[in-house]
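# Per-entry structural report
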Amino acid sequence: MNKKIILTGGGTAGHVMVNLALIPKLKEQGWDIAYIGSHQGIERELISKVEGVPYFPISTGKLRRYFDWNNFKDPFKVLKGTFQAYRIIKKEKPSIVFSKGGFVSVPVIIGAWLNGVPSIIHESDITPGLANKIAMPFATKICVTFPETLRHVKEEKGIYIGAVVREELKRGNADKGREYCQFEKGKPVLLVMGGSLGSKRINDALRANLQTLLDDFQIVHICGKGNVDPQWTNKKGYKQFEYVHEELPHLMAMADIVLSRAGANSIFEFLALRKPMLLIPLSKEASRGDQILNARSFEKSGYAEVLMEENLTNKSLRNAIYHLYQNKDRYRQNMDRSDAGDALQKLLTLIEEARKS
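Residues numbered from 1 in each chain as written. Predicted model: local features only at pLDDT ≥ 70, side-chain atom pairs only at ≥ 80, totals over all residues. Heavy atoms only, no water.

Time to look at the packing of aromatic side chains. Enumeration according to the criterion identifies 9 aromatic pairs in this entry. On the basis of an interplanar angle of 90° and a centroid distance of 5.3 Å, the ring pair of phenylalanine 217 and tyrosine 325 is categorised as edge-to-face. Note that phenylalanine 217 is positioned in the loop between α8 (210-213) and β9 (218-222) and tyrosine 325 in helix α12 (residues 314-326), a separation of 108 residues in sequence. Take tyrosine 325: its relative accessible area is 23%, and that puts it in the partly exposed class. Ring centres of phenylalanine 268 and phenylalanine 298 lie 5.0 Å apart, and the angle between their planes is 85°; this geometry places the pair in the edge-to-face category. (Phe/Tyr/Trp six-rings, centres within 6.5 Å; stacked < 30°, edge-to-face > 60°. Helix = DSSP H or I, 4+ residues; strand = E, 2+ residues; numbered from the N terminus. Buried < 20%, exposed > 50% of the residue type's maximum accessible area, 1.4 Å probe, protein only.)

Before going further, it helps to spend a moment on the pattern of salt bridges. Oppositely charged side chains can pair when the atoms bearing their charge come close. Throughout the structure, instances matching the rule amount to 15 salt bridges. Across the pair glutamate 92 and lysine 4 runs a salt bridge whose closest N-O atoms are separated by 2.3 Å. You can see glutamate 92 sitting in helix α3 (residues 74-92) and its partner lysine 4 sitting in strand β1 (residues 4-8), a full 88 residues away along the chain. Per residue, the accessibility class of glutamate 92 equals that of lysine 4, and both read buried. Linking arginine 166 and glutamate 269 is a salt bridge whose minimum nitrogen-to-oxygen distance equals 3.1 Å. Within this pair, whereas arginine 166 is found in the loop between β7 (158-160) and α6 (174-181), its partner glutamate 269 is found in helix α10 (residues 264-272), the two being separated by 103 residues in sequence. Given a relative accessible area of 6%, glutamate 269 falls into the buried group. (Salt bridge = Lys/Arg side-chain N within 4 Å of Asp/Glu carboxyl O.)

As for its placement among the helices and strands, histidine 221 is situated in strand β9. The buried category is assigned to histidine 221, whose relative accessible area is 0%. Here histidine 221 is in contact with Val192, Asn203, Leu206, Arg207, Tyr238, Lys239, Gln240 and Phe241, once residues within four sequence places are set aside. (Contact = heavy atoms within 4.5 Å.)

Quick look at the structure:
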């Protein structure tokens, strides 16, 4: 029986990470893998580094919840992308399609449905994103990370599997991380991540506090594309990167605490690695509020502290970082009691079952 799968998902790194976790496991099981993504999205950059996975770009439009003149022309891009995805799927003849979400996934899920190919969607956040909401009626199964998400999904389609975490993150080496950053052993490390696109507000507030923070921490700062500040390039104890790929497991392994946005993929990775976290979720002005719900859920479980973006100042950030570090052991104890489960294996089993059905 055909063991070919097409993966899709893009727009942000979070919409690609689960696919990157799946690919090596699928290869071990003998799957033939292809990827459908956008022409310019970060998914193309990330997947291009993976051997043996052909990439098919399609047209896509951004699905906005606010008024924008592009809303009038982007549906035609989505329509074009659906036709392109339909043709690719018809030619490649996969036995299943798996989607991590993002705008580019909508044409692919519809294209799979038009070809009679089963599809599985993975939703990371507590409430489904707009792209997944549109695609859900055409999907065979919808996997969710939070149990609360099941109330947004048709009962016969929804399956709670938990968070999928990349295996390579668990194999990080702290000594390699310190060597990569030229950090000394014994001094605490703060890892700062603002998402794949970076966060100007977090970057600015952190850098305003660098002189003070560097007295007590070594800081590795993943600041987003185009956000490296040349004036801090040679500062001892501070390393900044636009984006990190192969070295990320080692950087995460050496981190004592983490400052991050509250994307579901990232925070569950920190949970799996038992990293106390200070979360600054995207505000409702810049998002649909999913990160706020994610952050509040982790705060309630005792895994994280939360600093709302509207309360972010140089002083509040500095105080929150020190408070997190002082209470890091309590957060680790709470995370030790979490029941993460093996979501990756559950997902692989679902893919295999869908292929045989």
